[in-house]
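Observations on chain architecture
Chain by chain, the residues:
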Number of protein chains: 2
Amino acid sequence: MRIGELARRTGVSERALRYYEEQGLLRPERLPSGYRVYTELDVAAVRRVRLLLAAGLSTAQINEALPCMVDEDELLQPKCSGLVDALAAHRDRIEEAIGELESTRANLNALIGRARPVG
Amino acid sequence: MRIGELARRTGVSERALRYYEEQGLLRPERLPSGYRVYTELDVAAVRRVRLLLAAGLSTAQINEALPCMVDEDELLQPKCSGLVDALAAHRDRIEEAIGELESTRANLNALIGRARPVG
DNA sequence: CTTGACTCTCACGTCAACGTCAAGCTTTAC
DNA sequence: GTAAAGCTTGACGTTGACGTGAGAGTCAAG
């Protein structure tokens, strides 16, 4: 398929898809005309990219992460574990922030008296 | 204390502290000279700001979050719960990313055969 | 009262992840 | 074969969270 269809199927703009290629996250074939040609695999690849972007990774980090997420064997273990660790650290920071907010909310609930259950 | 000391004590640059004020996250007093004067409370406030920034919130979101984290009563409940929800959603996205990476890692471990335990 | 450390307010620079034209090929439809 | 739709490569604009001086006032010490 070409860039327009991939954009529609992934919900990602053409500009973003070209940007991902520029960053080495996608490597589409080219027609003699210069048109980019993508495969079904690229649909999944774009989904992964968006997932990792949403999780807070940079394109550079994703560049290291993507090889880890392809179901092929090439022994790219070591990099992978580092990435999982980094993500886990990120998650921990978020957990901490949530914890502080929740405890403060609990304090407020207590102070206010007729504490609303949760929502 | 003045800005230099607060910067040293929090590990945050003076530029950042002025920026936080510009965004309404800090409201230091001023000396007749114009010098900013901070209190001990501001040390904790800066810590909270950094925590939330690290968790992925924008200064605008933090502006809504900070009132929730002050241990005073003023019934600012409703905003709070929305924020906790937003943070939780963010965390969930990260959990998802971690999950995918971990399962792929497991797959690779299986493929490679002599699977290294965890690290 | 002068030096040096500290602080002030502009104001432009940066980096990432795109948005948004512009100008010009290519492919598809009729 | 021509118009519309789709694609190409630039290249400049944008937003957020600051970095980095510039030029000038202020405060503590000798």
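We now turn to the structure provided with this report. Quick caveat: nothing in here was measured; it's all calculated off a predicted structure.

Another aspect to go through is the overall build of chain A. Scanning chain A for helices and strands turns up five helices and two strands. Tracing chain A from N to C terminus, the helices and strands come up as α-α-β-β-α-α-α. Among the 119 residues that make up chain A, the fraction classed as buried is 39%.

Okay, the protein's contact with DNA strand C next. Looking at DNA strand C, there are 22 residues lining it, with A:Ser13, A:Thr59, B:Gly4, B:Arg18 and B:Arg36 nearest. A distance of 2.9 Å separates a phosphate oxygen of DNA strand C from a polar side-chain atom of A:Tyr20. Contact distances for DNA strand C include 3.3 Å between a phosphate oxygen and a side-chain N or O atom of B:Glu14. Elements represented by at least two residues in the surface near DNA strand C include exactly helix H2 (14-22) and helix H3 (40-54) of chain A together with helix H1 (3-10) and helix H2 (14-22) of chain B. In terms of residue count, the dominant contributor to the surface near DNA strand C is H2(A) (four residues). Its residues assigned to classes, the surface near DNA strand C comprises seven nonpolar, six polar and nine charged.

Now for the packing of H1(B) against helix H3 (residues 40-54) of chain B. Residues and elements named next belong to chain B. Here H1 crosses H3 at 45 degrees, and the two axes come no closer than 10 Å. With respect to their mutual orientation, H1 and H3 come out oblique. Crossing hand, H1 versus H3: right-handed. Of the residues in H3, those touching H1 at Leu-6, Arg-9 and Thr-10 are Glu-40, Asp-42, Val-43 and Val-46. Counted by class, the contact of H1 with H3 contains three nonpolar, one polar and three charged residues.

All names here are of chain A. Going through the model one piece at a time under the given rule, you end up with two aromatic pairs over all chains. For the ring pair Tyr-19 and Tyr-20, a centre distance of 6.3 Å and an interplane angle of 55 degrees mean the geometry is tilted. Judged by relative accessible area, Tyr-19 falls into the partly exposed class, the value being 33%. Exposure remark for Tyr-20: the relative accessible area of 4% places this residue in the buried category.

To continue, consider the protein's contact with DNA strand D. In the vicinity of DNA strand D there are 22 residues, among which A:Tyr35, A:Arg36, B:Ser13, B:Tyr35 and B:Thr59 approach most closely. Of what DNA strand D places within 4 Å of the protein, 65% of the atoms are sugar or phosphate. Take B:Ser13: an N or O atom from its side chain is 2.6 Å from a phosphate oxygen of DNA strand D. For the surface near DNA strand D, the element with the highest residue contribution is H2(B), accounting for four residues. Residues that form the surface near DNA strand D fall into these classes: eight nonpolar, six polar and eight charged.

This next bit is on helix H4 (residues 59-69) of chain A. If you check which residues of H4(A) are buried, you get A:Thr59, A:Ile62, A:Ala65, A:Leu66, A:Cys68 and A:Met69. Each buried residue of H4(A) lies within a common arc of 155 degrees when the element is viewed along its axis, so the set occupies one face.

Right, let's talk about the nonpolar core for a bit. By size, the foremost hydrophobic cluster in this structure holds 63 residues, and its most contacted members are A:Leu17, A:Tyr20, B:Leu17, B:Tyr20 and B:Leu87. For this core, the element with the highest residue contribution is helix H5 (residues 77-112) of chain A, accounting for eight residues.

Now for the packing of H1(B) against H2(B). Residue and element names in this part refer to chain B. One can describe the packing of H1 onto H2 by two numbers: an axis separation of 9 Å at closest approach and a directional angle of 105 degrees. If you check the angle between H1 and H2, you find them roughly perpendicular. Along its contact with H1, which presents Ile-3, Gly-4, Leu-6 and Ala-7, the element H2 presents Glu-14, Leu-17 and Arg-18. Broken down by class, the residue content of the contact of H1 with H2 amounts to four nonpolar, one polar and two charged.

For B:Arg36, the location among the structural elements is in strand E2 (residues 36-37). In contact with B:Arg36, other than residues within four places in its own chain, are B:Met1, B:Arg2, B:Ile3, B:Arg18, B:Glu21, B:Pro28, B:Glu29 and B:Arg30.

Calculation notes
Residues numbered from 1 in each chain as written. Chains lettered and ligands numbered in written order. Predicted model: local features only at pLDDT ≥ 70, side-chain atom pairs only at ≥ 80, totals over all residues. Heavy atoms only, no water. Helix = DSSP H or I, 4+ residues; strand = E, 2+ residues; numbered from the N terminus. Buried < 20%, exposed > 50% of the residue type's maximum accessible area, 1.4 Å probe, protein only. Near = heavy atom within 4 Å. Polar contact = N/O pair within 3.5 Å; in protein donor to acceptor, adjacent residues only side chain to side chain. Nonpolar A, V, L, I, M, F, W, Y, C, P; charged D, E, K, R; others polar. Axes fitted to C-alpha atoms, helices over the stretch in contact; angles between N-to-C directions. Parallel < 35°, antiparallel > 145°, perpendicular 65-115°, else oblique. Left-handed = near helix turned anticlockwise from the far one by under 90°. Contact = heavy atoms within 4.5 Å. Phe/Tyr/Trp six-rings, centres within 6.5 Å; stacked < 30°, edge-to-face > 60°. Arc of directions from axis to C-beta. Core = buried A, V, L, I, M, F, W, Y, C linked by side-chain atoms within 4.5 Å.

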